[in-house]
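Residue strings, one per chain:
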Number of protein chains: 2
Amino acid sequence: MVDVIVIGTVAMDDIETPFGKVTGALGGSASYAAYSSSFFTKTGIVAVTGEDFPREHLEILKKRGIDMTGLKKEGKTFRWGGKYKFDMNEAETLKTELNCLDHFNPIIPKQYKNANYVLLGNIDPELQLKVLDQLDNASLVVTDTMNFWIESKKDKLLEVIKRSDVFVMNDGEARQLFETVNLVQAAKKALKLGPRAVIIKKGEHGAMMFTPDSMFMTVGYPLENIKDPTGCGDVFGGAFIGYLAKTADLGEMNMRKAVVYGSAAASYNAEDFSLNRMKDISLDEIEKRFHEFRQIKEF
Amino acid sequence: MVDVIVIGTVAMDDIETPFGKVTGALGGSASYAAYSSSFFTKTGIVAVTGEDFPREHLEILKKRGIDMTGLKKEGKTFRWGGKYKFDMNEAETLKTELNCLDHFNPIIPKQYKNANYVLLGNIDPELQLKVLDQLDNASLVVTDTMNFWIESKKDKLLEVIKRSDVFVMNDGEARQLFETVNLVQAAKKALKLGPRAVIIKKGEHGAMMFTPDSMFMTVGYPLENIKDPTGCGDVFGGAFIGYLAKTADLGEMNMRKAVVYGSAAASYNAEDFSLNRMKDISLDEIEKRFHEFRQIKEF
């Protein structure tokens, strides 16, 4: 029995930032998001990886109790390479080898069917739709994406958004998808597609959540040392849905809390490469930062 | 009797943004800051302008009850020209005609000598120092600056910061002045120079205030329509010091409130060119937005 299903990629990443580099590191939207969600509740992955995927990477996910029934293994692992400059706000993609992702047909395992919370992590929107077709009863579908799909499969992506309860994007994606520089305008256009809430992640500048009749904003956690922002958006989404699944309260005030839990978890993730920092922490650390968010914004 | 002294420029601006343009509009750091401070308390200007300065511009400042005893008139008015692109975060300076600013020697009028709150608005740091030399008893000296002085008079600027209680800069200036991309690190370096608080303005992304043992962050007000961000930093500083002068409470929690009042006032200023939007509002509107800031960040 899992509470949260995460669909996305399980990848090997080659990443360079001004503070170091890693090769073949554990990455992918499903890895980051499921890891983060697992701090809050029982989480299962739906993804594909290659037969060359290192056992120690798998062990990292298993150790957190993530259900891997939905992880297929075939061919070569999806590989992503990226480089960050000093401002760290956007990666330059240097490499995208789809490999096993090319013919992936996601199947929700029987054991996952009662899960009420679904995170459609960043992956081809056609695959996101295939997952949605297999799930009739989910209480909450949260969808994330990336610029690549806005450019190549915008129509399919809009279809996914229409069928989602919460749509999450970053500021650059919001501007690109809704063709406006203004984030409030972008969020309003996104809400018109149907989701009950729209979240815009602004990296170090925090996050905004819009519903048809409310607006919530949180600052970003003031990190003094950032090593690698890869996966922070996925970690945000994972903690967001994990907290909601754990509390089973979709009221607006609780969703605001979920945004802050997402921000707190993501802030840890930026402190080291791959899932290295997340491996060090427990829910206690996330709670601690959640409370710092409260103190920081008080006036 | 004035409570707040504002030193800075009183200028005519030629500004172009994607949403329009103005020529010879009322501008300058002292105009914006004094106007904003005057919503909270009695404010006097120390500045110079030209004999060609339009009477209707002066009337706008006088109508708010700003004391103009410290405004000298000679030669030609300082003129600034700038252009903003779509992201509106930074102006490209197209024109800087110092004119009457060239030989300005700021004198604090006798009537201002009992003022306890001093805003050293953006102007040559040598002039800021001359003002400081004339004021022994101020309870609070707040200093603002801009990139131009970081490039041309860094040593003098550092001297001003050392003699200030609160130093205010924007994120770009913080990175430039303290040679680090990380704003927390920049703020710590600034605090080491001596001020009791350091504020970093991040435009649409809000503001941060650091003291030796606390950190405060506020989001930016989510504006749907921004016409011209010119003067927003000055309006922030004016409302910040005006609120503190009015409440005469320099405790950290009250300074946090002052940052939010500064942010609320600045958000109005961005809605139109020059002081056009500020002319429409009263303290009630600023209070209203202050309370929206509370609601927006609640979780």
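Residues numbered from 1 in each chain as written. Chains lettered and ligands numbered in written order. Predicted model: local features only at pLDDT ≥ 70, side-chain atom pairs only at ≥ 80, totals over all residues. Heavy atoms only, no water.

### Some details on the relation of the copies chain A and chain B
What counts, and what does not: When the copies are superposed, the least-squares fit takes in the C-alpha atoms of residues with a pLDDT of at least 70 in both. Contacts are assigned to residue pairs that have any heavy atoms within 4.5 Å of one another.
Expressed as a screw operation, the relation of chain A to chain B combines 0.0 Å of axial shift with a rotation of 180°, fitting to an RMSD of 0.0 Å. What the rotation and shift describe, once combined, is the action of a two-fold rotation axis. When the interface residues of chain A are mapped onto chain B, 100% of them again lie at the interface, so the same face is used by both copies.

### Side note on the interface of chain A and chain B
Put simply, the rule is: Accessible area, probed at 1.4 Å, shrinks when two parts are joined; the buried area is that loss added up over both. Any carboxyl oxygen of Asp or Glu within 4 Å of a side-chain nitrogen of Lys or Arg constitutes a salt bridge here. We define a polar contact as two N or O atoms separated by no more than 3.5 Å, with the added condition that, inside protein, one atom must be a possible hydrogen donor and the other a possible acceptor, whereas residues neighbouring each other in sequence contribute only through side-chain atom pairs. Put simply, DSSP H or I for four residues or longer makes a helix, DSSP E for two residues or longer makes a strand, and each gets a number counted from the N terminus. For this scheme, ten residues count as nonpolar: Ala, Val, Leu, Ile, Met, Phe, Trp, Tyr, Cys and Pro. Four count as charged, namely Asp, Glu, Lys and Arg, and the remainder, Gly too, count as polar.
In this assembly, 34 residues from chain A lie in contact with 34 residues from chain B. Counting the surface lost from both chain A and chain B, the interface buries some 3100 Å², and carbon and sulfur atoms represent 60% of this. Interface area lost by chain A to chain B is led by Met217, Glu224 and Phe299 of chain A, which between them contribute 28%. Viewed at the interface, chain B and chain A are joined by six salt bridges. A salt bridge links lysine 297 of chain B to glutamate 298 of chain A, with the nearest nitrogen and oxygen atoms 3.3 Å apart. If you look at where chain A meets chain B, you find 20 residue pairs in polar contact (both at pLDDT 80 or more). Among the elements of the structure, helix H7 (183-192), strand E13 (214-218), helix H9 (252-269) and helix H11 (283-297) of chain A are those that each provide at least two residues to the side of chain A that touches chain B. With six residues, the single largest contributor to the side of chain A that touches chain B is H11 of chain A. Along the lines of polarity and charge, the residues of the side of chain A that touches chain B split into 16 nonpolar, seven polar and eleven charged.

### Regarding a nonpolar patch on the surface
Filter applied, for reference: To count toward a patch, a residue needs a relative accessible area above 30% and no salt bridge. Like charges then connect within 9 Å, nonpolar side chains (Val, Leu, Ile, Met, Phe, Trp, Tyr) within 5 Å. What sets the accessible areas is the Shrake-Rupley method with a 1.4 Å probe; for residues, cover comes only from the shown protein chains.
Among the surface-exposed residues, Phe19 and Phe86 of chain A together with Val181 of chain B lie close enough to one another that they form a single nonpolar patch of about 280 Å² accessible area. Tracing the chain through its elements places phenylalanine 86 of chain A in the loop between strand E6 (79-84) and strand E7 (91-97).

### A few points about the pattern of salt bridges
Selection criterion: The buried label goes to any residue with under 20% of its type's maximum accessible area, the exposed label to any with over 50%, and the partly exposed label to all in between, with areas taken from a 1.4 Å probe on protein chains only.
Counted according to the given criterion, the structure contains 31 salt bridges over all chains. The partner of aspartate 14 of chain A in a salt bridge is lysine 95 of chain A, with the nearest N and O atoms 2.5 Å apart. Separated by 81 residues along the polypeptide, aspartate 14 of chain A in strand E2 (residues 11-17) and lysine 95 of chain A in strand E7 bring together distant segments of the chain. On the basis of relative accessibility, which here comes to 13%, the residue aspartate 14 of chain A falls in the buried class. Of the charged contacts, one joins arginine 277 of chain B and glutamate 271 of chain B as a salt bridge, the two residues approaching to 2.6 Å between their closest N and O atoms. Among the charged side chains, a salt-bridge network with shared partners connects Glu271, Arg277, Asp280 and Arg289 of chain A.

### Observations concerning the sheet that holds strand E10 (residues 166-170) of chain A
All names here are of chain A. Inclusion rule: The pairing criterion is simple: DSSP has to find at least two bridges between the two strands. Helix axes use the C-alpha atoms of the stretch in contact, all axes being lines fitted to C-alpha atoms, and the angles between their N-to-C directions lie in the range 0 to 180 degrees.
Strand order across the open sheet formed by nine strands is E5-E4-E1-E8-E9-E10-E11-E12-E13, with mixed pairing between neighbours. With one partner strand each, in any of the chains shown, strand E5 (67-73) and E13 form the two edges of the open sheet. Adjacent strand axes in the sheet meet at a mean angle of 15° when their direction is disregarded. Across four bridges, the pairing between strand E8 (residues 117-120) and strand E9 (residues 140-144) is parallel. Residue pairing in the sheet places tyrosine 117 in a bridge with leucine 140 of E9.

### Focus: the sheet that holds strand E5 (residues 67-73) of chain B
Residues and elements named next belong to chain B. Across the sheet, nine strands lie side by side as E5-E4-E1-E8-E9-E10-E11-E12-E13; this open sheet has mixed pairing. At either end of the open sheet lies a strand with only one pairing partner, and these are E5 and strand E13 (214-218). Here the average twist between neighbouring strands, direction ignored, is 15°. As judged from the four bridges shared by strand E11 (residues 197-201) and strand E12 (residues 207-211), these two strands associate in the antiparallel manner.

### Focus: the nonpolar core
To keep it simple, the criterion reads: As used here, the term nonpolar core means buried Ala, Val, Leu, Ile, Met, Phe, Trp, Tyr and Cys residues forming a set that is joined through side-chain atoms within 4.5 Å.
Counting 163 residues, the largest nonpolar core has Ile45 and Phe240 of chain A together with Phe240 and Ile286 of chain B as its most contacted members. Setting aside residues no more than four positions away along its own chain, isoleucine 45 of chain A makes contact with Val6, Val10, Ala30, Ala34, Leu61, Ile66, Asp67, Met68, Gly70, Leu71 and Tyr112 of chain A.

### Side note on the packing of aromatic side chains
Each aromatic ring pair is specified by the distance between its two centres and by the angle formed by the two planes. Keep this limit in mind: Ring geometry is summarised as follows: Phe, Tyr and Trp rings, the Trp one being its six-membered ring, pair when their centres sit within 6.5 Å, and such pairs are stacked at plane angles under 30 degrees, edge-to-face over 60 and tilted between the two. In this analysis the charged atom, NZ for Lys or CZ for Arg, is taken to sit over a ring once it is within 6 Å of the ring centre and within 35 degrees of the ring normal.
Tallying each qualifying case throughout the model produces 22 aromatic pairs over all chains. Consider the rings of tyrosine 221 of chain B and phenylalanine 293 of chain B, whose centres lie 5.8 Å apart with planes at 45°: the pair is tilted. With tyrosine 221 of chain B in the loop between E13 and helix H8 (232-247) and phenylalanine 293 of chain B in helix H11 (residues 283-297), this pair connects stretches of sequence that are 72 residues apart. Phenylalanine 293 of chain B matches tyrosine 221 of chain B in its accessibility class, with the two residues each being buried. Each residue in the set Phe40, Phe216, Tyr243, Tyr261 and Phe290 of chain A together with Phe299 of chain B is aromatic and connected to the rest through ring pairs, giving one cluster. Sitting over the ring of tyrosine 35 of chain A, arginine 64 of chain A keeps its end group 5.8 Å from the ring centre.

### Some remarks on unusual backbone geometry
Of note, asparagine 99 of chain A is a non-glycine position whose phi angle comes to about 50°, a positive value. Secondary-structure assignment places asparagine 99 of chain A in the loop between E7 and E8. Even without being a glycine, glutamate 179 of chain B presents a positive backbone phi close to 50°. Of note, glutamate 179 of chain B is situated in the loop between helix H6 (171-178) and helix H7 (183-192).

### A look at the environment of alanine 270 of chain A
The topology assignment puts alanine 270 of chain A in the loop between H9 and helix H10 (276-280). Considered as a pair, alanine 270 of chain A and arginine 64 of chain A are 206 residues apart in the sequence and their alpha carbons are 19 Å apart.

### A look at the packing of helix H6 (residues 171-178) of chain A against H7 of chain A
Residue and element names in this part refer to chain A. In plain terms, the rule: Here a crossing is called left-handed whenever its near helix is offset anticlockwise from the far helix by less than a right angle, and right-handed whenever the offset is clockwise.
Following both chains from N to C, one finds H6 and H7 inclined at 65°, their axes separated by 9 Å at the closest point. Relative to H7, H6 is oriented so that their crossing is left-handed. Note on element contacts: H7 touches H6 through Leu183, Ala186, Lys189 and Ala190, opposite Asp171, Ala174, Arg175 and Phe178. For the contact of H6 with H7, the residue count by class is five nonpolar, no polar and three charged.

### Focus: the side chain of threonine 145 of chain B
Counting through the fold element by element, threonine 145 of chain B comes out in the loop between strand E9 (140-143) and helix H4 (147-152). The residues contacting threonine 145 of chain B, other than those within four sequence positions of it, are Asn122, Leu157, Phe167, Val168 and Glu173 of chain B.

### Section: H7 of chain B
Residue and element names in this part refer to chain B. Heads up, the condition is: Working definition: the arc comes from the directions between the helix axis and the C-beta atoms, pointing outward to the latter.
Listing the buried residues of H7 in full gives Leu183, Val184, Ala186, Ala187, Ala190 and Leu191. Buried residues along H7 cover an arc of 160° about the axis, so they all sit on one side. On its buried face, H7 is in contact with strand E10 (166-170), H6, E11 and E12. A distance of 3.0 Å separates the backbone nitrogen of valine 184 from a side-chain oxygen at the start of H7, and that oxygen is part of asparagine 182. With its phi angle positive at about 130°, glycine 194 sits one or two positions after the end of H7.

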